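# Structural overview for review
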Amino acid sequence: MALSEEGKRPFILITNDDGADAAGIVCLAEYMSRTADVVVFAPDGPRSGMSAAITCDKPITYRKLSEKEHLIVYSCSGTPADCVKLAIDEIVSVKPDLLLSGINHGGNQALSVHYSGTIGATFEGCVFGVPSIGVSLYEYEDGADFSEACRIAGIVAKFVLNEGLPQGTFFNLNIPNIKKVKGIRFGRQTGGKWVHEFDQETDAKGNVEYWLTGDYQVSGEDLPDNDLTLLDGGYAAIVPCKVDVTDYHYLKTLQAQLKQETENLKPETSNPKPQT
């Protein structure tokens, strides 16, 4: 696909962790190709829970699935992060104006941001200096309708294309599964953890096996701008996230403590009397 003339249509790279043929990415790619040149470069099957994992023990392959005006679709044998690396390093001829990862079938709110392959791909786009947005529909049942999520993703994509993002920052966008979202709000990651995380079953041979499941248990203050609170209120929630995970506030505290301890360890100085 020859990209449009500069200034005419933006170039958007789209990936996910549900697979190149998943309903969410198909809907998003079609929607964005109305106004942009789109390349989909996504895994050849589900890769949920991969975070930012990369493949280093075997080669990665890819193949073209389809091509039409303003939209090419590829599938890749690697992880979501692999897809971003390979696409930008080797496949596309110019640096994307924007990376979209999604639309994930299921939320990536709260602590899920650390496990998600959707967000792992967004993280990788940010590493390449590409403004990046992870997009997730807060719905887990089959047959989800992604049309409203596409509309919201389009609004946020336009904002980022126009305004840009700070270096090292990406958006984690979660959208409630309702016909008409009340609005878009910026918020913070909800605190908490997963509990009751495994279901125990027995296979046909009598072996015990465990299936990942669980409930999210919120902890800390129930702040009105938490992403879960916003989603439950009918709003799309955007949490700005950073690649640099340094705790700068605590770092200053540690540096001050170290300075004080260093001062305390200095030997005492004295002025001995000269010998006569």
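The structure this text deals with has already been given above.
Let me begin by describing the structure that accompanies this report. This one's a predicted model, so the numbers in the text were calculated from it and none came from an experiment. (Residues numbered from 1 in each chain as written. Predicted model: local features only at pLDDT ≥ 70, side-chain atom pairs only at ≥ 80, totals over all residues. Heavy atoms only, no water.)

### Overview of the sheet that holds strand β4 (residues 71-76)
Spatially, 9 strands are ordered β3-β4-β2-β1-β5-β6-β7-β13-β8 in an open sheet, and the strand pairing comes out mixed. The outermost strands of the open sheet, each flanked by one partner alone, are β3 (62-68) and β8 (184-186). For this sheet, the mean inter-axis angle between neighbouring strands, taken without regard to orientation, is 20 degrees. As paired elements, strand β1 (residues 11-15) and strand β2 (residues 37-43) share 4 bridges and run parallel to each other. For F11, the partnering residue across the bridge sits in β2 and is D37. Strand contacts of helix α1 (residues 23-32): β1, β2, β3, β4 and β5 (98-105), with the helix running at about 140 degrees to β5, the strand carrying the most contacts. Strand contacts of helix α4 (residues 147-163): β5, β6 (132-138), β7 (169-176), β8 and β13 (236-242), with the helix running at about 160 degrees to β7, the strand carrying the most contacts. (Pairing = 2+ DSSP bridges. Helix = DSSP H or I, 4+ residues; strand = E, 2+ residues; numbered from the N terminus. Axes fitted to C-alpha atoms, helices over the stretch in contact; angles between N-to-C directions. Contact = heavy atoms within 4.5 Å.)

### Brief notes about the layout of surface pockets
For the largest pocket, the calculated volume is near 620 Å³. Surrounding the largest pocket, 18 residues form its lining, S48, G49, G107, Y140 and L212 being those nearest its centre. In terms of residue class, the lining of the largest pocket is built from 4 nonpolar, 10 polar and 4 charged. Around the second largest pocket, the lining comprises 14 residues; the ones closest to its centre are H114, F123, F170, K242 and V245. (1 Å grid on protein atoms, 1.4 Å probe; cavity = no way out; pocket = protein on both sides within 12 Å on 5 of 7 lines; lining within 4 Å. Points joined across faces, edges and corners; volume = space filled by probe spheres on them. Nonpolar A, V, L, I, M, F, W, Y, C, P; charged D, E, K, R; others polar.)

### As for the pairing of β7
With 8 of 8 residues buried, β7 is to be regarded as a mostly interior element. Handedness of the crossover joining β6 and β7 through α4: left-handed. Judged from the 6 bridges that link them, β7 and β13 form a sheet pairing that is antiparallel. Bridge assignment links T169 to a residue of β13, and that residue is K242. (Buried < 20%, exposed > 50% of the residue type's maximum accessible area, 1.4 Å probe, protein only. Right-handed = clockwise from strand over helix to strand, strands pointing away.)

### Some details on the environment of Q109
With respect to the secondary-structure elements, Q109 resides in the loop between β5 and α3 (117-127). Since its relative accessible area comes to 5%, Q109 is described here as buried. In sequence terms Q109 and V73 are 36 residues apart; their C-alpha atoms lie 28 Å from each other. Filtering out sequence-adjacent residues up to four positions away, Q109 remains in contact with Y138, Y140, N174, D227, L228 and L231.

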